[in-house]
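# Remarks on the overall topology
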Amino acid sequence: FESGAKVVFPKGDYNFSSPVDNWVANSGILSFGGARMLWDGTGVAGGVCIYNHASNFSAIGLEMICTDKVRTFIKNYNSSENIENLLFETLIGRGGFYMIRTGTDDRYVYSTSKIVSNLTIRNCINYAPTTGAAGHYSTVYTENVQIISNRAFGGRNTASYGLTGCFGKVIIANNIVTGK
């Protein structure tokens, strides 16, 4: 995709057998109601549906559905560059362990680690499988985080708004979590 590209999905079902990646700065995916992205999980490397390593990325208004082979819907994680200005809004996830995973591998956070800054996750809903643990909106080593008015359902030992090593302005408000 070229810088500034937006991929718009009109209403309908879209089947994927491999991850969507190679995003560049100022890009995004969005729908104005009714688009469902469906993954069967067979070609999803590392269990991730959408990889993003670019700044100024947004995902808005999509429903993402998967089989049990998918672990993460959207991953902005372990980038070789710092990433800034990410917006995830009015997304619905069904079947993944994580809906959005952002930051750095929390086992290896160093002062030289690349960071994500200015992350907003707002008005999203995730339905995780009830058979295992869930980490719906996990964020690691991220600066300026807003996780507002989201819903997380399903999963044992649910850690829906887990933040590790986050700093700057961190707002977690008006979220609902239910699990086993």
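Above this text sits the structure in question.
Residues numbered from 1 in each chain as written. Predicted model: local features only at pLDDT ≥ 70, side-chain atom pairs only at ≥ 80, totals over all residues. Heavy atoms only, no water.

## Details of the nonpolar core
Where we set the bar: Within this scheme, the nonpolar core is defined by two criteria: the residues are buried Ala, Val, Leu, Ile, Met, Phe, Trp, Tyr or Cys, and they are joined through side-chain atoms within 4.5 Å. Buried, partly exposed and exposed residues are distinguished by accessible area as a fraction of the type maximum, computed with a 1.4 Å probe on protein chains only: under 20%, between the cut-offs, and over 50%, respectively. Here a residue-residue contact requires only that any non-hydrogen atoms of the pair lie within 4.5 Å.
Met37, Trp39, Ile50, Met64, Ile74, Phe88 and Leu91 are the most contacted members of the largest nonpolar core, which totals 31 residues. Leave out the neighbours within four places in its chain, and Phe88 touches Phe57, Ala59, Ile74, Asn76, Ile100, Leu119, Thr120, Ile121, Arg122 and Cys124.

## Overview of unusual backbone geometry
The line we're drawing: A run of H or I in DSSP becomes a helix once it reaches four residues, and a run of E becomes a strand once it reaches two; helices and strands are each numbered from the N terminus.
Backbone geometry at Asn118 places phi at a positive 65 degrees, although glycine is not the residue there. Topologically, Asn118 is positioned in strand 12 (residues 116–122). A residue is classified by how much of its surface remains accessible, and Asn118, at 30% relative accessible area, is partly exposed. At Tyr141, a position not held by glycine, the phi torsion is positive, near 50 degrees. The topology assignment puts Tyr141 in the loop between strand 14 (137–140) and strand 15 (142–148).

## Let's talk about the sheet that holds strand 16 (residues 151–153)
Using the following cut-off: For two strands to be treated as a pair, DSSP must find no fewer than two bridges joining them. All axes are obtained by fitting lines to C-alpha atoms, using only the stretch in contact for helices, and the reported angles, taken between N-to-C directions, cover 0 to 180 degrees.
Strand order in the open sheet formed by 7 strands is 2-4-7-10-13-16-19, with parallel pairing between adjacent strands. In this open sheet, the two strands that pair with only one neighbour each are strand 2 (12–16) and strand 19 (176–178). Going from strand to strand, the sheet's axes swing by 10 degrees on average, the running direction of each strand aside. Across 3 bridges, the pairing between strand 16 and strand 19 is parallel. The residue of strand 19 that forms the bridge with Ala152 is Val177.

## With respect to the sheet that holds strand 17 (residues 163–164)
Across the sheet, 5 strands lie side by side as 5-8-11-14-17; this open sheet has parallel pairing. Edge positions in the open sheet fall to strand 5 (48–51) and strand 17, since each of these has one partner strand only. As paired elements, strand 8 (residues 72–77) and strand 11 (residues 98–103) share 5 bridges and run parallel to each other. Within strand 11, the position partnered with Tyr77 by the bridge is Gly103.

## Points about the environment of Gly96
Within the secondary structure, Gly96 sits in the loop between strand 10 (92–94) and strand 11. Residue class for Gly96 comes out buried when judged on its relative accessible area of 0%. With 39 residues separating them along the chain, Gly96 and Gly135 place their C-alpha atoms 9.3 Å apart.

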